[in-house]
Amino acid sequence: MKKLLLSTAILFAMAAQAQNVGIGTNDPKTKLDINGALSARLTSLAAATTVTIPDNVTLFRLTNTAGGSNTALSVATPKDGQFLTVINEDDNTASLNGYTILAGTAANPSVANFIYVGTGANPGWKVSGDNTPSGTGPTGPQGPAGVAGAQGAVGPQGPAGPQGPAGANGAVGAQGPAGPQGPAGANGAVGAQGPAGPQGPAGANGAVGAQGPAGPQGPAGANGAVGAQGPAGTQGPAGANGAVGAQGPAGPQGPQGAAGLLSPGTVAGNTTFWNGSSWVLNSSNIYNNGGNVGIGTASAPTQKLEVNGAALLDGGGPLYLLDANHGIKSTAGQGVTIFTYGVANGIFLQQSTGNVGIGITSPAADLDLGKTTAAGALRAVFARQSEGNSTGSGTFLGVRAWETQQATYGGKMFSLENTFYGQLNSSIEFYRGGGTTGGFMTFTTNNGTEKMRIDASGNVKINSLANNGNKVVYADNNGTLTTNSGGSNSGNTSWVLNGTFVSSRDDLGTTNFDADQADDVTYTRDLGFNVTIDGTSYSQVSVSTNGLIAFGNVSINACCSQAWPLTVTNNPMIAFYYHDMKDYGGGEFMRDYTVGAAPSRTYILWYKMREYSNTVSTLECMVMIHETSGLINVKYFGTNATLNGQAGVSSTVIGFQGYGGSSANYYPITYNGKIMDDNNQFDQWSISPVR
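Nothing here was measured: the structure is a model prediction, and the numbers come from that model.

Please set out the overall build of the chain residue by residue, giving values where relevant.
Each helix and strand in the chain was counted, giving one helix and 44 strands. Within the chain, the fraction of its 691 residues that count as buried is 29%. Surface accessibility of the chain: about 43200 Å² in total, with carbon and sulfur atoms responsible for 54%.

See the structure below:
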């Protein structure tokens, strides 16, 4: 190493002749003479609205960024005489100190050269060289101008002269030999230690030890004796009253004053009153400024009559407002009525109950709209919205009265209506029965069209929804729900949703029946009993990694993105989460177990897989199939918000389908629907045949 340093020093001394420095030459002609190429380290930053180039940079590249904004460049602290080459690969222009750098691409960038002039009248960055995309040569010299014609009438402008050829590029000089490598620099200082990681949670507190027995209480100190109270002294006798002095004679009465006006008040507008012996001035009594009269007011009244305090109109006479057609009237023993022209019984407050009646003087409830009106009249509005409220009857939720006769409106008596822009949207209609009982209800949607009816026996009839083929649903008064989905297959065409879970995940052990990394694979499993669906008995199920169970031994590897009805097989199917799923071997598995004794055994499948297109989204759920009842339970465990109610449910099929494939009866929960709550730990559904 010492020899290398000595050799380097000798070479440098030999090259530094006459204060000129040469690199790769022993005969430097200038202060710095390099025999070979000169290069600078490249600094790169992404294009943005503004970009600051770091200090001590000679070669800078601006890389492309998606978007349409131009970049304003600046240098943090430029130095006088500093050279700077800017390579623009962004598809938008850049600028430095007012100079535009053309747009370019990574394959064909735009290049601009600058030098910083720190002194003079106009300091700053100045363009040095051209600004053209790489791959094109410099512009050649302009050809000579044509001879000017004789001046006269201005003729048409002559064509521009041809552009001269581009000058040839000079030959590239040969690269000089590489200089010897300098010695390795000393190791840098050790960096500061990073911050400590977060402290783990505190361990659980140990159990509190049993409390030892309490020590015996020491004896209480003896109280000192209370001193005896001394005797009270005797009260002396009261002194005798002195004799009353004799009353002096009355003075003579003065002469009576002359009769005249009452004594003037001390404040303008105050009125004196006779208290039985004299006229008294009291500013809080009556105030009369010659126009308005105030009773109990401390200052001039602002109205014709102003009372500060309670007022009583005795005799039951009404208090009229504006004129004799509008006012407030009390009736002894009954209550108070607010009346107006043509409406004798407006708003009535009943004395004995506090009930309020509108249009009735004997309200039977806290609020009683007792007025009977013509059929179809709107009787009450509970709330309004501003949009559409100026059209027709407006936008409101209200009550309308109809009739009581079967021949009129089919026996409809009342309705609770939702109206928008004066157009009936949805409502609940109340109908009378054949007598005082037997009434029923209907429910309307869209434009007031009936969609559901609850008859007098409690049976429910629901009209069809065309998107899933259901025709009508009935629920009897025992709560049994019956639906015909419109499929052509016979058998158990009616099912009822009910049931709850009877087992937990820790009952299934740790044995997986699927292989690691399994994808689009079907496994046939024994139920341990027989279950009958659509007239066929099944003892096995086929379980797909894609969240589908088919009854019987069939292949259901096909995946996925199917709408109802499913055509992957003709056998009945449970689509508990039919989606493109995979076992990535990182804790994903399928386990099953049969519990119980005949005839009440239950097959349990524990399923945990990840979504194929999003390897961080895991679904965990449990499926149960019960012997005899045919009840099927599906329960989800809320471990992943992406799948539970978020974007991960795209094209997911959830529900049950009977035998028949494309012609099967199907009972959909959803297709491509976000039905699971990402904030709920346990969503579930179940289905079983009506027995």
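Just give me the short version of the sheet that holds strand β8 (residues 94-96), but keep the residues and values in it.
Across the sheet, four strands lie side by side as β4-β6-β8-β9; this open sheet has mixed pairing. Strand pairing shows two members of the sheet lacking a second neighbour, β4 (50-53) and β9 (99-101), which therefore form its edges. Averaged over all pairs of adjacent strands, the angle between their axes in this sheet comes to 30°, without regard to strand direction.

Give me a nonpolar patch on the surface: which residues, what numbers.
The grouping of Leu319, Leu321, Ile328, Val336, Ile338, Ile347, Leu349, Ile358, Leu367 and Leu369 at the surface amounts to a nonpolar patch, some 800 Å² of accessible area in total. When contributions to the nonpolar patch are tallied by element, the ones reaching two or more residues are β17 (319-321), β19 (335-340) and β20 (343-350). Taking the relative accessible area as the measure of exposure, isoleucine 358 reaches 37% and is therefore partly exposed.

Give me the sheet that holds strand β14 (residues 286-288): which residues, what numbers.
Spatially, the three strands line up as an open sheet ordered β14-β15-β16, and their pairing is mixed. Both outer strands of the open sheet, β14 and β16 (305-307), are each paired with one neighbouring strand and no more. Recorded for the sheet is a direction-independent mean angle of 15° between the axes of neighbouring strands. Bridge analysis of β14 against strand β15 (residues 293-295) gives three bridges, and the strand direction is antiparallel. By the bridge assignment for β15, tyrosine 287 is matched with glycine 294.

How would you summarise the confidence of the model for the chain if you had to cite specific residues and measurements?
Low pLDDT marks stretches whose predicted atomic positions should not be read closely. Here the chain averages 77 in pLDDT, while 73% of its residues score no lower than 70. Contacts for the low-pLDDT stretch residues 130-141, under 50 throughout, to residues beyond four places or in other chains number 27 contacts.

Any details on the pattern of salt bridges? Residues and values, ideally.
Across all of its chains, the model carries eight salt bridges by this definition. Note that glutamate 429 and lysine 412 form a salt bridge whose closest N and O atoms lie 3.3 Å from each other. Placement of glutamate 429 in strand β26 (residues 423-431) and of lysine 412 in strand β25 (residues 412-420) is noted, with a sequence separation of 17 residues between them. A single burial state applies to glutamate 429 and to lysine 412, both of which are buried. Between arginine 610 and glutamate 588 there is a salt bridge, and its shortest N-O distance comes to 2.8 Å. Taken together, the residues span a long stretch of sequence, with arginine 610 in strand β39 (residues 602-611) and glutamate 588 in the loop between β37 (581-582) and β38 (589-595) at a distance of 22 residues. Pair check on accessibility: arginine 610 and glutamate 588 agree, each one buried.

Could you give an account of the packing of aromatic side chains, naming the residues involved and the relevant values?
On inspection of all chains with the given rule, the structure shows eleven aromatic pairs. Where phenylalanine 589 meets tryptophan 606, the ring centres are 5.1 Å apart and the plane angle is 90°; that geometry is what we call edge-to-face. Of this pair, phenylalanine 589 sits in strand β38 while tryptophan 606 is found in strand β39, placing the two residues 17 residues apart along the sequence. Seen from the ring of tyrosine 584, lysine 582 lies directly overhead, with NZ or CZ sitting 4.8 Å from the centre. The ring of tryptophan 606 has arginine 591 lying over it, and the distance from NZ or CZ to the ring centre is 5.2 Å.

Help me get a handle on the environment of glycine 630, residues and values and all.
Residue position: glycine 630 is located in the loop between β40 (614-626) and β41 (632-637). Residue glycine 630 is classed as buried on the basis of its relative accessible area of 5%. Counting along the chain gives 100 residues from glycine 630 to asparagine 530, while the straight-line C-alpha distance between them is 9.6 Å.

Can you tell me about the side chain of asparagine 292, naming the residues and giving the values?
Along the chain, asparagine 292 turns up in the loop between β14 and β15. From its side chain, asparagine 292 meets the backbone oxygen of proline 301 in a polar contact 3.1 Å long. In this view, asparagine 292 contacts Tyr287, Pro301, Thr302, Gln303 and Lys304; residues no more than four positions away in its chain are not counted.

For the nonpolar core, give the residues involved together with the corresponding values.
Phe551, Ile574, Phe576 and Leu605 are the most contacted members of the largest nonpolar core, which has 33 residues in total. Examining the composition of this core, we find that five residues originate from one element, strand β33 (residues 522-533), more than from any other.

Report on the environment of serine 362, specifying residues and quantitative values.
Relative to the elements of secondary structure, serine 362 occurs in the loop between β21 (356-358) and β22 (367-368). Note on serine 362: relative accessible area 46%, which makes it partly exposed. For the pair formed by serine 362 and glutamine 334, sequence separation is 28 residues and the distance between their alpha carbons is 9.1 Å.

Residue-level account of the pairing of strand β42 (residues 653-657), with values.
Among the five residues that make up β42, five are buried, leaving the element largely enclosed by the rest of the structure. Judged by which residues are buried, β42 turns out to be covered on both faces: Val653, Gly655 and Gln657 on one side and Ile654 and Phe656 on the other are all buried. For strand β36 (residues 573-578) and β42, the ladder comprises four bridges, and the chain directions are antiparallel. Bridge pairing in β42 places alanine 575 opposite glycine 655.

Can you explain unusual backbone geometry? Please cite residues and give values.
What is expected of a backbone is that most residues other than glycine have negative phi and most peptide bonds are trans. That bond from tryptophan 564 to proline 565 is cis: its omega, -5°, falls within 30 degrees of zero. Position of proline 565 relative to the elements: it lies in the loop between β35 (548-551) and β36. For the bond from alanine 598 to proline 599, the omega torsion is 5°, close enough to zero to count as cis. Position of proline 599 among the secondary structure elements: in the loop between β38 and β39. Positioned with a positive phi, glutamine 517 is a non-glycine residue whose angle comes to about 65°. Relative to the assigned elements, glutamine 517 resides in the loop between β32 (495-496) and β33. With a relative accessible area of 45%, glutamine 517 lands in the partly exposed category. A positive phi is found at threonine 628, a non-glycine position, where the angle reads about 70°. One can find threonine 628 in the loop between β40 and β41.

I'd like a description of the environment of alanine 456, backed by residues and values.
Within the element layout of this structure, alanine 456 appears in the loop between β28 (449-454) and β29 (460-462). Overall, the relative accessible area of 55% leaves alanine 456 in the exposed class. Separated by 17 residues in sequence, alanine 456 and glycine 439 have C-alpha atoms that sit 5.8 Å apart. Leaving out residues up to four positions away in the same chain, alanine 456 has contacts with Gly438, Gly439 and Phe440.

What counts and how
- Residues numbered from 1 in each chain as written.
- Predicted model: local features only at pLDDT ≥ 70, side-chain atom pairs only at ≥ 80, totals over all residues.
- Heavy atoms only, no water.
- Helix = DSSP H or I, 4+ residues; strand = E, 2+ residues; numbered from the N terminus.
- Buried < 20%, exposed > 50% of the residue type's maximum accessible area, 1.4 Å probe, protein only.
- Areas by Shrake-Rupley, 256 points an atom, 1.4 Å probe, with all protein chains shown as cover.
- Pairing = 2+ DSSP bridges.
- Axes fitted to C-alpha atoms, helices over the stretch in contact; angles between N-to-C directions.
- Patch = residues over 30% accessible without salt bridge, like charges linked within 9 Å, V, L, I, M, F, W, Y side chains within 5 Å.
- Salt bridge = Lys/Arg side-chain N within 4 Å of Asp/Glu carboxyl O.
- pLDDT = per-residue confidence, 0-100.
- Contact = heavy atoms within 4.5 Å.
- Phe/Tyr/Trp six-rings, centres within 6.5 Å; stacked < 30°, edge-to-face > 60°.
- Lys NZ or Arg CZ within 6 Å of the ring centre and 35° of its normal.
- Polar contact = N/O pair within 3.5 Å; in protein donor to acceptor, adjacent residues only side chain to side chain.
- Core = buried A, V, L, I, M, F, W, Y, C linked by side-chain atoms within 4.5 Å.

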